[in-house]
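Chain and residue survey
If you want the building blocks of each chain, they are given just below.
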Amino acid sequence: HANYCSRNEDGDLLVTFIRQRRIVNTNDWSWVSPEYSGPPHEGYIEPHPVSGKKLLWVTTVPGLIIASDPDDQQILFSWTLSDYGIAPGWTRGLAILSHGMLVGTTGVRKSNHDYFRRWSTEDISRSYTGIHYIPFDTKGRSSSIEVFSDRPSKVFSILPVANE
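Residues numbered from 1 in each chain as written. Predicted model: local features only at pLDDT ≥ 70, side-chain atom pairs only at ≥ 80, totals over all residues. Heavy atoms only, no water.

**Observations concerning the sheet that holds strand E5 (residues 40-47)**
Short version of the rule: Paired strands, as defined in this entry, are two strands with at least two bridges between them according to DSSP. Runs of E in the DSSP output that reach at least two residues are strands. Runs of H or I that reach at least four are helices, and both are numbered from the N terminus. Every angle, taken between N-to-C directions, lies between 0 and 180 degrees, and every axis is a line fitted to C-alpha atoms, over only the stretch in contact when it is a helix.
One open sheet accounts for 4 strands, arranged E5-E6-E7-E8; its pairing is antiparallel. For this open sheet the edge positions go to E5 and strand E8 (75-80), each flanked by a neighbour on one side alone. The average angle at which neighbouring strand axes cross in this sheet is 20°, direction not considered. With 5 bridges joining them, strand E6 (residues 54-60) and strand E7 (residues 64-68) adopt antiparallel strand pairing. Each residue of the ladder has a partner; that of Val-58, found in E7, is Ile-66.

Structure, rendered in C-alpha cells:
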C-alpha cells in the first residue's frame, strides 16, 4: 500500500510503497529508489546540507535512514539508529536540518512485535516512542527524548517549520 507521497522538482508525484519496499514516480511508474531492505517511510527529495546535492530521503521500519540519488537510485549516505545507541522502534518521521536530522520512532508493543521482528533482531524491551537527533558531523553527539511516555503514542511524521 502507498504510505507516503511527495513531489519532485518537475511536480511529478512520488509514492512510497511499504510492502514493495520502493518509491515510484507515478508519471511513468519508474523506480526512483533502490529496493530497500525493510519497509520504507517518507520518500522526499531535499538537498543534503553538507554536499548540496538533492537526494531522496527515506527511513525504514527497522531504523535505517537512507539518502540516495533519485536519478540512478545509488545509496550515497546511510545511518542506522542502533549505531547511535538509539532504542529500536517503528522508524518514521524525518526532518533534515542544516547540521543533522530528526528521526521519529514509535515504541514496539506486544500487539505488533511479531511483525516488527520480521525486519529487526534488536532487543525491543528498550523500545519507546521518541524523537532523536543524529548529527551529520561524525564527531557530533546524538540525543533522544521520550515523548508521551504515560500513554500509548505514535510518531508518524516530523514536519519542519520555517522560522519567520
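**Digging into the sheet that holds strand E2 (residues 13-17)**
Taken in spatial order, the 4 strands of this open sheet run E1-E2-E3-E4, and their pairing is antiparallel. The strands lining the two open edges of the sheet, one partner per strand, are strand E1 (2-7) and strand E4 (30-31). As paired elements, E2 and strand E3 (residues 22-25) share 4 bridges and run antiparallel to each other. Bridge assignment links Thr-16 to a residue of E3, and that residue is Ile-23.

**Some details on the packing of aromatic side chains**
Condition: Stacked, edge-to-face and tilted are the three classes for Phe, Tyr and Trp ring pairs, Trp counted by its six-membered ring, which pair at centre distances within 6.5 Å; planes under 30 degrees apart are stacked, over 60 edge-to-face, the rest tilted. For every residue, the accessible area (1.4 Å probe, protein chains only) is compared with the maximum for its type, and the residue is labelled buried under 20%, exposed over 50%, or partly exposed between those bounds.
Tallied over the full model, the rule gives 5 aromatic pairs. Here the aromatic rings of Trp-57 and Trp-79 are separated by 5.9 Å at their centres, their planes lie at 15°, and the arrangement is stacked. Residue Trp-57 is found in strand E6, and its partner Trp-79 is found in strand E8; the two are separated by 22 residues along the sequence. The two residues Trp-57 and Trp-79 agree in class, both being buried. When the ring of Trp-57 is compared with that of Phe-136, the centres are 6.2 Å apart and the planes differ by 50°; the resulting orientation is tilted. On the criterion of sequence distance, the pair formed by Trp-57 in strand E6 and Phe-136 in the loop between strand E11 (130-135) and strand E12 (143-146) is long-range, its members being 79 residues apart. Since its relative accessible area comes to 0%, Trp-57 is described here as buried. For Phe-136, a relative accessible area of 14% translates into the label buried. Among the aromatic residues, those joined into a cluster by ring pairs are Trp-57, Phe-77, Trp-79 and Phe-136.

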